[in-house]
Amino acid sequence: MTQAEAEAVFAEIDTDGSGEIRLSELRDYGKTHGGSVDGVKLADLVRGADTDGDRRISLSGFTSYFA
Ligand SMILES: [Ca+2]
């Protein structure tokens, strides 16, 4: 997806607007989107996009994974 699309999806998942996606936010999103984000399984997304290993996904980690 494009950078802008990735940012829009990120904002949709980051429901508290903290600028990071927590696992609970990802799980809530997965519940209503078939357990995946744009076809990527949540577990694979965390592994691929959590660049510093703190189990939270930053906007830059998210967009570099998808865009
Ligand atoms: Ca958040």
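Note that the coordinates shown come from a computational prediction; the quantities given were computed from them, not determined experimentally.

Asks: Can you help me understand the environment of lysine 41 in this one?
Replies: As for its placement among the helices and strands, lysine 41 is situated in strand 3 (residues 40-41). With relative accessibility at 57%, the residue lysine 41 sits in the exposed group. Excluding residues that lie within four positions of it along the chain, lysine 41 makes contacts with Gly35 and Ser36.

Asks: Looking at this structure, how should I read the coordination of the calcium ion?
Replies: Around the calcium ion, the protein contributes the donor atoms Asp14 (OD), Asp16 (OD), Ser18 (OG), Glu20 (O), Glu25 (OE) and Glu25 (OE), which lie 2.2 to 2.6 Å from the metal centre. Here the donor residues for the calcium ion map to a single chain with the spacing D-x1-D-x1-S-x1-E-x4-E. Separated by eleven residues along the polypeptide, aspartate 14 in the loop between helix 1 (3-13) and strand 1 (20-21) and glutamate 25 in helix 2 (residues 23-32) bring together distant segments of the chain.

Asks: What is the right way to read the packing of aromatic side chains from this model?
Replies: For any pair of aromatic rings, geometry is given as the distance between the ring centres together with the angle between the planes. Counting across every chain of the model gives three aromatic pairs. Centre to centre, the rings of phenylalanine 62 and phenylalanine 66 are 4.8 Å apart; their planes meet at 50°, and the pair counts as tilted. Of this pair, phenylalanine 62 and phenylalanine 66 both sit in helix 4 (residues 59-66), four residues apart, which is roughly one turn of that helix. The pair phenylalanine 62 / phenylalanine 66 is uniform in exposure class, with both members buried. Linked through ring pairs, Phe10, Phe62, Tyr65 and Phe66 together constitute an aromatic cluster.

Asks: What should I look at first to understand the nonpolar core in this one?
Replies: Generally speaking, a soluble globular protein has its nonpolar side chains buried in company with each other. With 16 residues, the main nonpolar core has Ile13, Leu26, Val37, Leu45, Ile57 and Phe62 as its most contacted residues. Only helix 1, helix 2, helix 3 (42-49) and helix 4 provide two or more residues apiece to this core.

Asks: Any chance you could explain helix 1 here in plain terms?
Replies: For an α-helix, 3.6 residues make a turn, and residues three or four places apart therefore share a direction. Within the sequence span of helix 1, burial applies to Ala6, Val9, Phe10 and Ile13. Burial along helix 1 is one-sided: seen end-on, the buried residues are contained in an arc of 105°. Counted as exposed and oriented over 90 degrees from the buried face of helix 1: Ala4 and Ala11. On its buried face, helix 1 sits against strand 1, helix 2, strand 2 (36-37), strand 4 (57-58) and helix 4.

The rules we used
- Residues numbered from 1 in each chain as written.
- Predicted model: local features only at pLDDT ≥ 70, side-chain atom pairs only at ≥ 80, totals over all residues.
- Heavy atoms only, no water.
- Helix = DSSP H or I, 4+ residues; strand = E, 2+ residues; numbered from the N terminus.
- Buried < 20%, exposed > 50% of the residue type's maximum accessible area, 1.4 Å probe, protein only.
- Contact = heavy atoms within 4.5 Å.
- Donors = N, O, S within 2.8 Å, 3.2 Å for Na, K, Ca; no water.
- Phe/Tyr/Trp six-rings, centres within 6.5 Å; stacked < 30°, edge-to-face > 60°.
- Core = buried A, V, L, I, M, F, W, Y, C linked by side-chain atoms within 4.5 Å.
- Arc of directions from axis to C-beta.

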